[in-house]
Amino acid sequence: MSTKGLLERLADGVVVGDGSFVVTLEKRGYVSAGSWTPEAAALYPDAVRQLHREYLRAGSDVMQTFSFYCSDDKIQFDRDAIDIHGHDTRHDLTSDEINNSACDLAREVANEGEGLVAGSVSPLPGYTQKKGKDYYVGELHKQCDLYRKKGVDFLLGEFYAHVEEAEWAIEVMKEYKIPVACTMRICSTGDKDGVSTENCAIRMVKAGADVIGVNCCFDPDISMKTMSLMKAGLESAGLKAHLMMQPVGYHTKEIANNPDGYFALPEFPFSMETRLLSRIDVQKFARKAYDLGIRYLGGCCGFEPYHIRAIAEEFAAERGKSAPGAYMSPGPNGLKMSVDAGQRKRATPEYWNKLVPAAGREEVKKLADV
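Positions within a chain are numbered from 1, following the residues in the order the chain's sequence is written. Two thresholds apply to this predicted model, a pLDDT of at least 70 for residue-level local features and 80 or more for giving and counting side-chain atom pairs, whereas whole-chain, interface and lining totals are computed over all residues. Water and hydrogen atoms were dropped before computing side-chain values, which therefore reflect all heavy atoms in the structure.

Novice: Explain the sheet that holds strand β4 (residues 154-160) here, please?
Specialist: The strands making up a sheet associate through hydrogen bonds between their backbones, and the pairing can be parallel or antiparallel. Read across the sheet, eight strands follow the order β1-β8-β7-β6-β5-β4-β3-β2 without closing on themselves; strand pairing throughout is parallel. Since the sheet does not close on itself, it has two edges, and those belong to β1 (15-16) and β2 (62-64), each with one partner. Sheet analysis places β2 next to strand β3 (residues 116-121), joined by three bridges and oriented parallel. Bridge pairing in β3 places Gln-64 opposite Ala-118. Should any heavy atoms of two residues lie within 4.5 Å, those residues are counted as being in contact. To obtain an axis, a line is fitted to C-alpha atoms, over the contacting stretch when the element is a helix, and the angle between two such axes runs from 0 to 180 degrees between their N-to-C directions. By definition, any uninterrupted DSSP run of H or I lasting at least four residues is a helix, any uninterrupted run of E lasting at least two residues is a strand, and each is numbered from the N terminus. Against the sheet, helix α10 (residues 197-207) makes contact with β5 (180-184) and β6 (211-215), and its axis sits at roughly 140° relative to β6, the strand it touches most. A pair of strands counts as paired when DSSP detects no fewer than two bridges linking them.

Dropping the structure here:
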């Protein structure tokens, strides 16, 4: 059980987040592509618990509740769509039932180490349907009231494409008197309403967020440019906040300025594997992010436990500890134990840092037509 909170940890140094849930569990057969909702927290708790444990073993400090898109508003939106398209729901769960199970699973695994539990807050369809702020606030209170009852350590709003919606969410989350983090799915061109990236950062902090940044939709390189603008915006306004990044685990160079992010790629969601980041890519990104002043580092869609382990390994010295499973992950040095001479020659960081990976197939495009 942890006694040190999020803000204290960030003041001390690096906080390692977790990684992909909906995309990873979709690959494993527990989430439906399209709706991307977390019924598995209630229907298949062992699957969700196992993924939490993989992230904890990889070095995650935070167990984020698997409650992405889990509001009454989103569940009703999906059921309306099902009525139109005739798809079988296979369950009749309420958002409270799913969120309750998600909280219990996250806390169970967090208590196996020294982890924090983040109550996950997501965009609501009611915002883009223009149902109004009063409706929005009421829906969000339902979810956050449950999080308060379950005793989450902080609230994390994420995946916002409109800074106004992020502001509304932050205002609600601040009422619960625990730390608030908020991230947007934007690039350097700003949000979907044309608000600049710098002003998005300023508005989130003025709304009350303790930690701000970006998540999802863009790769680490694109997200780094976005974070540079956010940091500059805060500095120009004389504001301070902790910074965080949780990018996707794919290379997405083609959509650097596309507000739709990696959803615009023709490979999304079923053929993204050739774009996966290597663990070497992740270590390089993590160090650059640290040098920029970002202290909360994790991942979103496509970020697997081994990616998170790469972050934890990169900052083992700064954090004064290794990931729980580090004894089984000696890195390149471990290849010295191989019986194969060719593998032993690769037992240096230099080899892996210089490697340009091949796709292993003739029919491959360097960049997609977007």
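From this point, things continue past the structure.
Novice: In this structure, what is going on with the pattern of salt bridges? I would like to understand it.
Specialist: Close approach of charged atoms lets side chains of opposite charge pair. One speaks of a salt bridge when a side-chain nitrogen belonging to Lys or Arg is within 4 Å of a carboxyl oxygen belonging to Asp or Glu. Applying the stated criterion across every chain, the model contains 23 salt bridges. We note a salt bridge from Lys-150 to Asp-104, for which the minimum N-O separation is 2.8 Å. Taken together, the residues Lys-150 in helix α8 (residues 133-150) and Asp-104 in helix α6 (residues 95-110) connect sequence positions 46 residues apart. In this structure, Asp-369 engages Lys-365 in a salt bridge whose closest nitrogen and oxygen atoms are separated by 2.8 Å. For the residue pair Asp-369 and Lys-365, the accessibility class agrees, reading exposed in each case. Via salt bridges that share partners, Asp-46, Arg-49, Arg-53, Glu-108 and Glu-112 belong to a single interconnected network. Here's how the labels work: a residue is buried when its accessible area is under 20% of the maximum for its type, exposed when over 50%, partly exposed in between, all with a 1.4 Å probe on protein chains only.

Novice: It is not clear to me how α8 should be interpreted in this structure. Could you clarify?
Specialist: Each α-helix turn comprises 3.6 residues. Residues three or four places apart therefore point the same way. Here, expected helix span is obtained from the residue count minus one, scaled by 1.5 Å. With 18 residues, α8 ought to run about 26 Å at 1.5 Å a step, and its terminal C-alpha atoms sit 26 Å apart, in line with that. Every buried residue of α8 is accounted for by Tyr-136, Val-137, Glu-139, Leu-140, His-141, Gln-143, Cys-144, Leu-146 and Tyr-147. Of the residues one or two after α8, Gly-151 is the one with positive phi, at around 75°.

Novice: Help me out: how do you make sense of the packing of helix α12 (residues 279-292) against helix α13 (residues 305-314) in this one?
Specialist: Each pair of packed helices gets described by two things: the angle between the helix axes and the distance between those axes. It is at 8 Å that the axes of α12 and α13 come closest, and there the two elements cross at 45°. Classified by the angle their axes make, α12 and α13 are oblique. Of the two elements, α12 crosses α13, and the hand of that crossing is right-handed. Contact residues: α12 offers Arg-279, Val-282, Gln-283, Phe-285, Ala-286 and Arg-287, while α13 offers Tyr-306, His-307, Arg-309, Ala-310, Ile-311, Glu-313 and Glu-314. For the contact of α12 with α13, a count of residues per class yields six nonpolar, two polar and five charged. Each angle is binned into one of four classes, with values under 35 degrees roughly parallel, values over 145 roughly antiparallel, values of 65 to 115 roughly perpendicular, and all other values oblique. When the near helix sits turned anticlockwise from the far one by under a right angle, the crossing is termed left-handed; a clockwise turn instead gives a right-handed crossing. Residues are grouped as follows: Ala, Val, Leu, Ile, Met, Phe, Trp, Tyr, Cys and Pro are nonpolar; Asp, Glu, Lys and Arg are charged; all remaining types, including Gly, are polar.

Novice: What is the right way to read the side chain of Arg-107 from this model?
Specialist: By the element assignment, Arg-107 lies in helix α6. Looking at Arg-107, its side chain comes within polar contact range of the side chain of Asp-153, at 3.2 Å. Polar contact criterion, stated in full: a pair of N or O atoms within 3.5 Å, where within protein one must be able to donate a hydrogen and the other to accept it, and residues adjacent in sequence count only if both atoms are side-chain atoms.

Novice: I'm lost on the nonpolar core in this one. Help?
Specialist: If you look at soluble globular proteins, the nonpolar side chains tend to sit buried side by side. The nonpolar core is taken to be a set of buried Ala, Val, Leu, Ile, Met, Phe, Trp, Tyr and Cys residues, with the residues joined through side-chain atoms within 4.5 Å. The biggest cluster of nonpolar side chains holds 98 residues, and the ones touching the most others in it are Phe-66, Met-204, Met-245, Tyr-262, Ile-294, Leu-297 and Ile-311. Setting aside its immediate chain neighbours within four residues, Phe-66 contacts Phe-21, Val-22, Leu-25, Val-31, Pro-38, Ala-40, Ala-41, Val-48 and Ala-102. Counting twelve residues, the second largest nonpolar core, distinct from the first, contains Val-15, Leu-116, Leu-156 and Met-244.

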